[in-house]
Each structure stands twice: as structure tokens, then as C-alpha cells.
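Structure at a glance
For reference, the chains in residue letters:
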Amino acid sequence: MSHDLREIAVYAPASVSNFGPGFDCFGLALERPGDTVSARLADVPGVRVESIEGLCDGIPLDSDRNTASVAAAAVWSSVEDPPAPGLILRIHKGVPPGSGLGSSGASAAAGAAVAGHLYQELTSRSIDDRVIFEAALDGEAVAAGTRHADNVAPSLFGDFVIVRRGEPTQFARFHPKLECWIAVVKPDISISTREAREVLPETVPLSDAVTNWSNSATLVLGLLQGDAELVKESLHDSIVEPRRAKLIPGFDDAREAALGAGALACGVSGSGPTLFALATEESVAKAAARSITKVFRVGGLDSWIEVSPISPLGARRV
Ligand code: HSE
């Protein structure tokens, strides 16, 4: 049997997880960069990765280890009467791997979403968002070891996301009332999430926990109410970032430089080494990015930068 092999593509954006005090709970979708996954039907069972292009250093073609193909396969195996036994994927990576920008989560989100869109288009049947979300979490787990939702949920659904622990994982999302421009600057070093989690303490002082709880709550309130001053005061992490900052040469100076350029806040994106800076104007976010870059340059490090608003869309067909 041969199929009319029409190919469709889905773009899923990068994400900034943790975002100050919300370790493993907060995440927001950037408009750019992002990963694009294209899918077409295959006559043989399973999901095969045909090609990976772009920022793809170290990304496995092996479909059992690639987050996009694992996520797509999870969708394909959970739907009724798929229109073909398998899928063939082509992946374009725009999100640098090992950056702290949810690279594996963006691919997982795009892989799950493209399989879902192809199925819905060819069968005219709908798929629940929950199926796509769980499939994307399966994909993320092959790279991260756990089913972290703080990158996958914003990449898939967009906006600012608060992940609630539990089984199944739940989350709430909203689009901030505050105009947000996010600069992301990745110095030319790599830190694995595993390494970045190994420096974290098993227990934390109650006073630090209280600081993070209150900052988390007022940060969300500030974003919802469009209160820039409250966001600025609240976007601090007393627990995780102080430990991880030591892994990023020049972090303190870079943060100071971003704040000096007018950013409301600056911190580590996800598990790093990328820094994010938040501003309410694009020009200020760009100035913050340049200031951070200069600090890294003095330390002998080149940087990769992007400046983006928060994406209200998440994964979408392109
Ligand atoms: N929240 C995670 C961390 C990022 O900071 O380790 C990976 O989802």
C-alpha cells in the first residue's frame, strides 16, 4: 500500500523555566527560537527520524532516544485506527541543546503536536489536549529522565504556566497583563541539567523557603495585574539560583549589567547556562542582552542571543 505522503509541520517555541522563584513550577513560552518538526505517513510501523538540521549537536537520530519521535510515537499508539502504521519525521532545531531553554521539551512538544495534527486532518477525529500533553511528557522524559512539565507545557500551549505537582500533572496558564520582552543570552559553555541538579541542596532553610513562596505568589500577582514594580521586587530566587550561578562564569556581573541597562530582573533560564533578562520594552531587553554579552566577552566567552515576547500560542502548524 502506498500513501499520498502529504507532509505537515509544527513549530514549538523554546521556554524559560523556573523564572526566578518558581523552580520546577514556572515556565513561559518564548515566541522565538523554536523547533520545527515535519511528519508524513509511513507504511512501516513505528516513528522514524529521517533528518535533523539546525542546532542539532548531540541530538540522537535514534527514534527511541529522540524526544520528538518518542512523543509522536506516544500519540500514534494512543489513537484509534491511525491512518498508517507509522510516521517519518524531519526535525529542524532552532533551540540550542543544553542551553536551559527547554530544547528537548520544544522538540517533544512539536513531535506530539505534529502527530496529533496529522491524525486529526486525515481522520477528522479530534484528540484531547491531555493526550498530546502526556505524549510530549513521555518525549521529554527520554532526555531529562523525568516527566518535567515546566518546559513542555509552555512549549505546547504557550503563555506563562504554573505546573502543579500531582498525578496526573496539572497546570494553569495565563498571558501576563504586563508587556514582557525576554532577552536570552547563552554563553558558549554547556551545563547538563543533571550537573545543574547535582549542585542543589537536599534540604533548604525554612526562611529561604518562605522567601521563595512569597516571591512566587507576588510574582504571579504582578504579572496578572501588570504591576512592573511588584514583578521586579518578586523575581528573585533564594534557593536554586545562588547554587547554579557558580556554574556560570561572570554571572553576578552579567546580572548587574542587565539591571544597569534597565531590565526589571535577570536570572538563570531553566538549568542554565542561558541567562534571561526581563524588560517591558524591546529596546531595553536588547540593551540588556548586549550588556550581558559584553560581560561574557570580557571573560573570553562568545554568546548566542535572542530577544522575544512571550508567545501566547505555543505549538502551532506552519
Ligand atoms: N526546572 C528544571 C531545572 C529544568 O531547573 O532543573 C528542566 O525542566
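Here, residues in each chain are numbered from 1, in the same order as that chain's written sequence. Totals for whole chains, interfaces and linings use every residue, but because this is a predicted model, local features are given only for residues with pLDDT of at least 70 and side-chain atom pairs only at 80 or more, for both listing and counting. Based on all heavy atoms of the structure, the side-chain values leave hydrogens and waters out of the count.

1. Brief notes about the overall build of the chain
The numbering of helices and of strands both runs from the N terminus, where a helix is a DSSP run of H or I of at least 4 residues and a strand a run of E of at least 2. Scanning the chain for helices and strands turns up 10 helices and 11 strands. Values of the radius of gyration come from C-alpha atoms, whereas the globule rule sets the reference at 2.2 Å times the count of residues to the power 0.38. Relative to the compact-globule value of 20 Å for 318 residues, the chain shows a C-alpha radius of gyration of 19 Å, a close match. Projected onto the principal axes, the alpha-carbon positions of the chain cover approximately 65 × 40 × 40 Å. For every residue, the accessible area obtained with a 1.4 Å probe (protein chains only) is divided by the maximum for its type, and the residue is called buried under 20%, exposed over 50%, and partly exposed between those limits. Here the chain holds 318 residues, and 54% of them are scored as buried. Roughly 13,500 Å² of accessible area belongs to the chain as shown, and the carbon and sulfur atoms make up 51% of that amount. Positive: Lys, Arg. Negative: Asp, Glu. His and the chain ends are not part of the count. Every charge is mapped to an atom, namely NZ of Lys, CZ of Arg, CG of Asp or CD of Glu. For the chain, the separation between the mean place of its 28 positive charges and that of its 40 negative charges on side chains is 1 Å. Here, Shrake-Rupley sampling with a 1.4 Å probe gives the accessible areas, and only protein chains in the shown set may cover a residue.

2. Some details on the pairing of strand β2 (residues 26-42)
Taking burial as the measure, the 17 residues of β2 include 14 buried ones, the bulk of the element. With nine bridges joining them, strand β1 (residues 8-17) and β2 adopt antiparallel strand pairing. Looking across to β2, one finds that V16 is bridged to L28. As defined by bridge partners, β2 adjoins strand β5 (residues 160-164) across three bridges and the pair is classed as antiparallel. Counterpart to L28 in the pairing with β5 is F160. Note on pairing: two strands pair once DSSP finds at least 2 bridges between them. Across seven bridges, β2 lies against strand β4 (residues 86-93) in antiparallel orientation. Across the sheet, residue R40 finds its bridge partner in β4, namely I88.

3. Examining helix α1 (residues 67-78)
A helix's residues, less one, multiplied by 1.5 Å, set its expected span. A rise of 1.5 Å per residue sets the reference length of α1, with its 12 residues, at 16 Å; its end C-alpha atoms lie 17 Å apart and thus fit the reference within 8%. Within α1, nine of the 12 residues are buried, which leaves the element mostly enclosed by the surrounding structure. Within the span of α1, buried status applies to T67, A68, S69, V70, A71, A72, A74, V75 and W76. In the core, the buried residues of α1 are packed alongside β2, β3 (46-54), β4, α2 (103-123) and α3 (129-144). The N-capping residue of α1, defined by a side-chain oxygen 2.9 Å from the backbone nitrogen of A68, is N66. Whether two residues are in contact is decided by their heavy atoms: any pair within 4.5 Å suffices. Pairing of N or O atoms within 3.5 Å defines a polar contact, subject to two protein rules: one partner must be a possible hydrogen donor and the other a possible acceptor, and residues neighboring in sequence count only if both atoms are side-chain atoms.

4. Things to note about the site of the ligand
Residues are counted as near a molecule or strand when any one of their heavy atoms sits within 4 Å of it. The ligand sits among S17, N18, F23, D24, H148, D150, N151, T193, R197, R244, G270 and S271. A distance of 2.6 Å is found between a nitrogen atom of the ligand and a side-chain nitrogen or oxygen belonging to D24. Between the ligand and R244, the relevant distance is 2.7 Å, taken from an oxygen atom to a side-chain nitrogen or oxygen of the residue. When isolated, the ligand has an accessible area of 260 Å², and the protein chains bury 96% of it. Residues that form the shell around the ligand fall into these classes: one nonpolar, seven polar and four charged. Those domain boundaries reflect an automatic or database domain assignment. Looking at which domains feed residues into the shell around the ligand, each of domain 1 (8-174 + 313-317) and domain 2 (181-309) gives three or more. Here the nonpolar group is Ala, Val, Leu, Ile, Met, Phe, Trp, Tyr, Cys and Pro; Asp, Glu, Lys and Arg are the charged ones; every other residue, Gly included, is treated as polar.

5. Quick look at the domain arrangement of the chain
Segmentation of the chain into domains returns domain 1 (8-174 + 313-317) and domain 2 (181-309). The gap between the C-alpha centroids of domain 1 and domain 2 is 25 Å. With 29 residues of domain 1 at the interface, the matching set in domain 2 holds 35 residues. With both sides pooled, the region where domain 1 packs onto domain 2 buries about 2,300 Å², and carbon together with sulfur makes up 67% of that total. Among the residues domain 1 hides against domain 2, the three largest losses belong to F19, P21 and R32. Together they make up 27% of the total. Notably, a salt bridge pairs R32 with E306, separated by 3.6 Å at the nearest N-O pair. At the boundary of domain 1 and domain 2, one finds 12 residue pairs in polar contact (both at pLDDT 80 or more). At the level of secondary structure, the elements contributing two or more residues to the side of domain 1 that touches domain 2 comprise β1, β2 and β5. Residue contributions to the side of domain 1 that touches domain 2 peak at seven residues, all from β2. Each residue belonging to the side of domain 1 that touches domain 2 can be placed in one class, and the counts come to 16 nonpolar, 10 polar and three charged. In short, buried area is how much 1.4 Å probe accessible area vanishes from two parts on joining, totalled over both. Here, a salt bridge means any Lys or Arg side-chain nitrogen found within 4 Å of an Asp or Glu carboxyl oxygen.

6. Some points on the side chain of H148
Topologically, H148 is positioned in the loop between α3 and α4 (152-157). Since its relative accessible area comes to 16%, H148 is described here as buried. Only 3.4 Å separates the side chain of H148 from the side chain of R197, close enough to count as a polar contact. Setting aside residues up to four positions removed in sequence, H148 forms contacts with D24, L137, E140 and R197.

7. Structural notes on the sheet that holds strand β7 (residues 181-187)
Spatial ordering of the open sheet is given by β8-β9-β7-β10, a layout of four strands whose pairing is antiparallel. With partners counted over all chains shown, the strands left at the sheet margins are β8 (265-268) and β10 (303-309), one partner each. The mean angle between the axes of side-by-side strands here comes to 20°, regardless of whether they run parallel or antiparallel. Pairing of β7 with β10 involves seven bridges; the strand directions are antiparallel. Helix axes are fitted only over the stretch in contact, all axes being lines through C-alpha atoms; the angle between N-to-C directions runs from 0 to 180 degrees.

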